[in-house]
Amino acid sequence: MLRLSEKPLEWIKFTVVIGLAMNGVLGLIWWKGSLPGAVCFIAAGMTLGAIATAAVHPQWFRRFYRGGMTVSFQIGQILGMILLTLFFFLLVTPMGLMLRLLGKDLLRLKRTPEENTYWQKAKDSREFNHMF
C-alpha cells in the first residue's frame, strides 16, 4: 500500500523535481528544433512559475503530488513485474536448463542409493571469524 506524506515540503520537492524534468525535456526539444524556441521558452517560464508558486502556496499542489505519486507508484509496480519476469525467463531459466543438461546438482538434492538421509555433517571450525 502506498503511504503518501502530508508535509508541504514534500509537495514542494515533488513539484520542483517534475518542473526541472519538464524543463530538461523542453531544453532537448528546443535543442533538436522540434518546436519553435518561443513555445519552449514560454512553457519553461510557466514551469518555473509553477515552481515559484509551489514555494509560496504548497497546499495548491497537494493533489498534484498525490496524483503524481500514485501514478508513478503504479508504473513502478508494473515495470518491476515486467523486469523481474524478463530476468527470470532470459537469465535464470536458461541457466537452470544448462545446469540440468550438464548434470550439475548445486543444491545436492539427488540422493545416492548408499545414502539414506540428506543430513550432512557441519564443518568443524573453531575459527569464529570464518564460521561459514
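Values in this document were obtained by computation on a predicted structure and should not be read as measured data.

For helix H3 (residues 62-101), with 40 residues, the first-to-last C-alpha span of 57 Å sits near the 58 Å given by 1.5 Å per residue. Along its length, H3 reaches its greatest deviation from straightness, about 35 degrees, at Phe88. Just downstream of H3 lies Gly103, where phi reads positive at about 80 degrees.

On to the pattern of salt bridges. Counting across every chain of the model gives three salt bridges. A salt bridge links Arg62 to Glu6; its shortest N-O distance comes to 2.8 Å. Residue Arg62 is located in helix H3, and its partner Glu6 is located in the segment before helix H1 (8-32); the two are separated by 56 residues in the primary sequence. Take Glu6: its relative accessible area is 39%, and that puts it in the partly exposed class. Glu6 is the partner of Arg66 in a salt bridge, and the nearest nitrogen-oxygen pair spans 2.5 Å.

Let us look at the confidence of the model for the protein. Per-residue confidence for the protein gives a mean pLDDT of 89, with 95% of residues at or over 70. Per-element confidence in the protein ranges from a low mean pLDDT of 92 for helix H2 (residues 37-56) to a high of 95 for H3.

It is worth spelling out the layout of surface pockets at this point. When its volume is computed, the largest pocket comes out at roughly 260 Å³. Along the walls of the largest pocket sit Gly96, Leu99, Arg100, Gly103, Lys104, Asp105, Leu106, Leu107, Leu109 and Lys110, which together make up its complete lining. Here the lining of the largest pocket is composed, by residue class, of four nonpolar, two polar and four charged.

Scanning all chains against the criterion turns up four aromatic pairs. Between Phe88 and Phe89, the aromatic rings sit 5.3 Å apart at their centres with planes inclined by 85 degrees, giving edge-to-face as the arrangement. According to the relative accessible area criterion, Phe89 is exposed, its value standing at 53%. Linked through ring pairs, Phe14, Phe64 and Tyr65 together constitute an aromatic cluster.

Cut-offs applied
Residues numbered from 1 in each chain as written. Predicted model: local features only at pLDDT ≥ 70, side-chain atom pairs only at ≥ 80, totals over all residues. Heavy atoms only, no water. Helix = DSSP H or I, 4+ residues; strand = E, 2+ residues; numbered from the N terminus. Expected span 1.5 Å × (residues − 1). Bend = angle between axes of the 7 residues up to and from the residue. Salt bridge = Lys/Arg side-chain N within 4 Å of Asp/Glu carboxyl O. Buried < 20%, exposed > 50% of the residue type's maximum accessible area, 1.4 Å probe, protein only. pLDDT = per-residue confidence, 0-100. 1 Å grid on protein atoms, 1.4 Å probe; cavity = no way out; pocket = protein on both sides within 12 Å on 5 of 7 lines; lining within 4 Å. Points joined across faces, edges and corners; volume = space filled by probe spheres on them. Nonpolar A, V, L, I, M, F, W, Y, C, P; charged D, E, K, R; others polar. Phe/Tyr/Trp six-rings, centres within 6.5 Å; stacked < 30°, edge-to-face > 60°.

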